[in-house]
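Chain residues, written in single-letter form:
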Amino acid sequence: MRALTWHGKHDVRMDTVPDPQIVNPRDAIIKITSTAICGSDLHLYDSMIPSMEKGDILGHEFMGEVVETGPGSTLQKGQRVVVPFVIACGKCFHCEKQQFSGCENSNPAETQDLGEIAYGTAMTGLFGYSHMTGGYAGGQAEYVRVPYSDVGPIVIPDGLEDDKVLFLSDILPTGWMAAENCQIEPGDTVAVWGCGPVGLFAIQSTLIQGAHKVIAIDHHPHRLELAKSLGAQVINYHEVKVREALMAMTGGIGPDACIDAVGMESHGFSIDNVVDAVKVATRLGTDRAHVLREVLMACRTGGRVSIPGVYGGMGDKIPIGALMEKGLQIRTGQTHVQKYLRPLLDLIGEGVIDTTFLISHRLPLERAPDGYKMFKENQDEVTKVVLKPEWEKEAA
Ligand SMILES: NC(=O)c1ccc[n+]([C@@H]2O[C@H](COP(=O)([O-])OP(=O)(O)OC[C@H]3O[C@@H](n4cnc5c(N)ncnc54)[C@H](O)[C@@H]3O)[C@@H](O)[C@H]2O)c1
Ligand SMILES: [Zn+2]
Ligand SMILES: [Zn+2]
C-alpha cells in the first residue's frame, strides 16, 4: 500500500510499504477514506519528539471503512468508523476510570523505557507517534491496523459525510476536553492562546459549555478572523502586550480560566522565547514554554488553567510562584478521546457543532508531503489539511 513515512526533520515521503495484517484477535483493518494532518504532527515534522525511526508511518487523525476483523472485534465489514488517536484496551485500571490516554496495556513493553525516564511512566499507545508511544503505524496511509477495535472506533451513521465527523478522531474532543478542564461557571471569561485547530475548537466548546466571554490570542490574521466568527474577542500578540490587554479586558483581574492551545513550539521574539529556542536548538532544552508562562501570569487569582498543548520534557522557568500564590488549578493531558465520541457525535448530528469551517485544503494522499510543508510554512491560510487516499493525483 501507499503511506506517508517519516525520514527526518522536514523530510516526509510517500512510500510503498507492506499492507497491515491482523495481529491480535481484537484488531481490525480499516481502509482509510479521510485523514488529517495535526499540529502534533508538526512536532514530529520538526523533529521535536524523540524515538522516531526512518520509515515510520505517520498519522493519528483518520477514518474509513472496516475491511477485515479479528475474532474479538465487535466491528463489521463495511461499517464506516472514526478511530481515536489514543489506543486503549478498555479494561485496565485507567480505562475503567475513563482515563483512556493513561491506558496501561496499549504500549508494548520493549518501547516503554523512554516514557519511564521522561515522565515516570510508560506512555499509552498512540497511532503514528514515535516508538515512545508504541511505534504503531499511523493512518496517513491506504490502510491501518486498529488494535482494541472493540473499544475505540465509533460507527458513523449514513448521511454524515467524512468531513463532518473526521475530527472526532482528535482535535474536536481535544478542544472539548480543554474547555471541560476549565470547569466553566456562569459569567466566566476564558482566554485561549493559539487559534490553530485545537484553539478554535476549544473556543467553540467553551461557548457551548457556557462561557460568557472568550478572548482568543494569536498573530495570524486569518486564524484570528475564524476565532472572531466563532464569537471570540481577539488579541494579536504582535500588536499588544498580552497580559496588559487581558487585564484591560477583564476589569483588571485577569481571565477566570486560561487555555494553552499552543504547547511546546511557541512563536514570538520575547526574551524567554528566544532563550528557549537557542536551548532547544542546541539540545540544552526541550520545550519553548513561553505561552505557559504567560498563562500562569495572566490567569486571575483562584482561576483555572487548562493545557491541551503538548509539552515534551523539562520546561524551564515555569512561574511556580504565580501558580502557588494565586492558587491556580491546572488540568491537562492527552485527550481521553473514547469518552467524548458518543456525546460529540450526537452534537454533530443535531447540528450544534459544525467542524467543516476549519478545512482549508483537501488533497490526495499522494500530496501529503506538500500538505505538511504548507501547514508548516503558511499557518495563517492553511488551517487544516485533509488527505483523501482515494483521490487521484490529478484531482489536486
Ligand atoms: N492534548 C491532546 O491530546 C492534543 C491533541 C491534539 C493536539 N494537541 C496539541 O495542541 C497544540 C495545538 O495544536 P494545533 O493543531 O491547533 O496546532 P497549530 O500549530 O496549528 O496551532 C498553534 C497556534 O498557536 C499559535 N501561537 C504560537 N505561538 C503563540 C503565542 N506565543 N501566543 C499565542 N498563540 C501562539 C500559532 O500561531 C498557531 O496558530 C499542539 O501542541 C498540539 O500538539 C494536543
Ligand atoms: Zn492530532
Ligand atoms: Zn487500558
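Quick caveat: nothing in here was measured; it's all calculated off a predicted structure. (Residues numbered from 1 in each chain as written. Chains lettered and ligands numbered in written order. Predicted model: local features only at pLDDT ≥ 70, side-chain atom pairs only at ≥ 80, totals over all residues. Heavy atoms only, no water.)

## Points about helix H8 (residues 242-249)
Piece 1. Of the positions making up H8, those classed as buried are Val242, Ala245, Leu246 and Met247.
Piece 2. Contacts from the buried residues of H8 go to strand S9 (189-193), strand S10 (213-218), strand S11 (233-236) and helix H10 (290-298). (Buried < 20%, exposed > 50% of the residue type's maximum accessible area, 1.4 Å probe, protein only. Helix = DSSP H or I, 4+ residues; strand = E, 2+ residues; numbered from the N terminus. Contact = heavy atoms within 4.5 Å.)

## Focus: the site of ligand 1
Piece 1. Within the structure, ligand 1 sits among 31 residues, and Ser40, His43, Asp218, Arg223 and His267 are positioned closest to it.
Piece 2. Within the backbone of Gly39, an N or O atom sits 3.1 Å from an oxygen atom of ligand 1.
Piece 3. Taking His220, its side chain carries an N or O atom lying 3.5 Å from an oxygen atom of ligand 1.
Piece 4. Breaking the shell around ligand 1 down by element, the ones donating at least two residues are helix H1 (39-45), helix H6 (197-208), S10 and H10.
Piece 5. At three residues, the largest contribution of residues to the shell around ligand 1 is made by H1. (Near = heavy atom within 4 Å. Polar contact = N/O pair within 3.5 Å; in protein donor to acceptor, adjacent residues only side chain to side chain.)

## Details of the coordination of the zinc ion (ligand 2)
Piece 1. For the zinc ion (ligand 2), the full set of protein donor atoms is Cys38 (SG), His60 (NE2), Glu61 (OE) and Asp170 (OD), and the range of their distances to it is 1.8 to 2.3 Å.
Piece 2. Every donor counted, the four donor atoms about the zinc ion (ligand 2) form angles of 86 to 133° at the centre, which fits tetrahedral coordination.
Piece 3. We note that the donor set of the zinc ion (ligand 2) lies within a single chain, spaced as C-x21-H-E-x108-D. Note that His60 is positioned in the loop between strand S4 (56-57) and strand S5 (61-69) and Asp170 in the loop between helix H4 (162-165) and helix H5 (171-180), a separation of 110 residues in sequence. (Donors = N, O, S within 2.8 Å, 3.2 Å for Na, K, Ca; no water. Tetrahedral: all angles 85-135°; square planar, octahedral: opposite > 155°, others 65-115°.)

## Some points on the coordination of the zinc ion (ligand 3)
Piece 1. Protein coordination at the zinc ion (ligand 3): the donors are Cys89 (SG), Cys92 (SG), Cys95 (SG) and Cys103 (SG), at 2.3 to 2.4 Å from the metal.
Piece 2. Classification of the site at the zinc ion (ligand 3) rests on its four donor atoms, whose angles at the metal span 102 to 117°, yielding the label tetrahedral.
Piece 3. Classification of Cys89 by relative accessible area gives buried; the value is 3%.
Piece 4. For Cys103, a relative accessible area of 3% gives the class buried.

## Re the sheet that holds strand S2 (residues 11-16)
Piece 1. Within the open sheet, the three strands sit side by side as S2-S1-S4. Their pairing is antiparallel. In this open sheet, the two edge strands, each paired with only one partner strand, are S2 and S4.
Piece 2. Here strand S1 (residues 2-8) runs beside S2; their pairing, made up of six bridges, is antiparallel. In the strand pairing of S2, Thr5 is matched with Arg13.
Piece 3. The strands touched by helix H13 (residues 368-377) are S1 and S2; relative to S2, the strand with the most contacts, the crossing angle is about 165°. (Pairing = 2+ DSSP bridges. Axes fitted to C-alpha atoms, helices over the stretch in contact; angles between N-to-C directions.)

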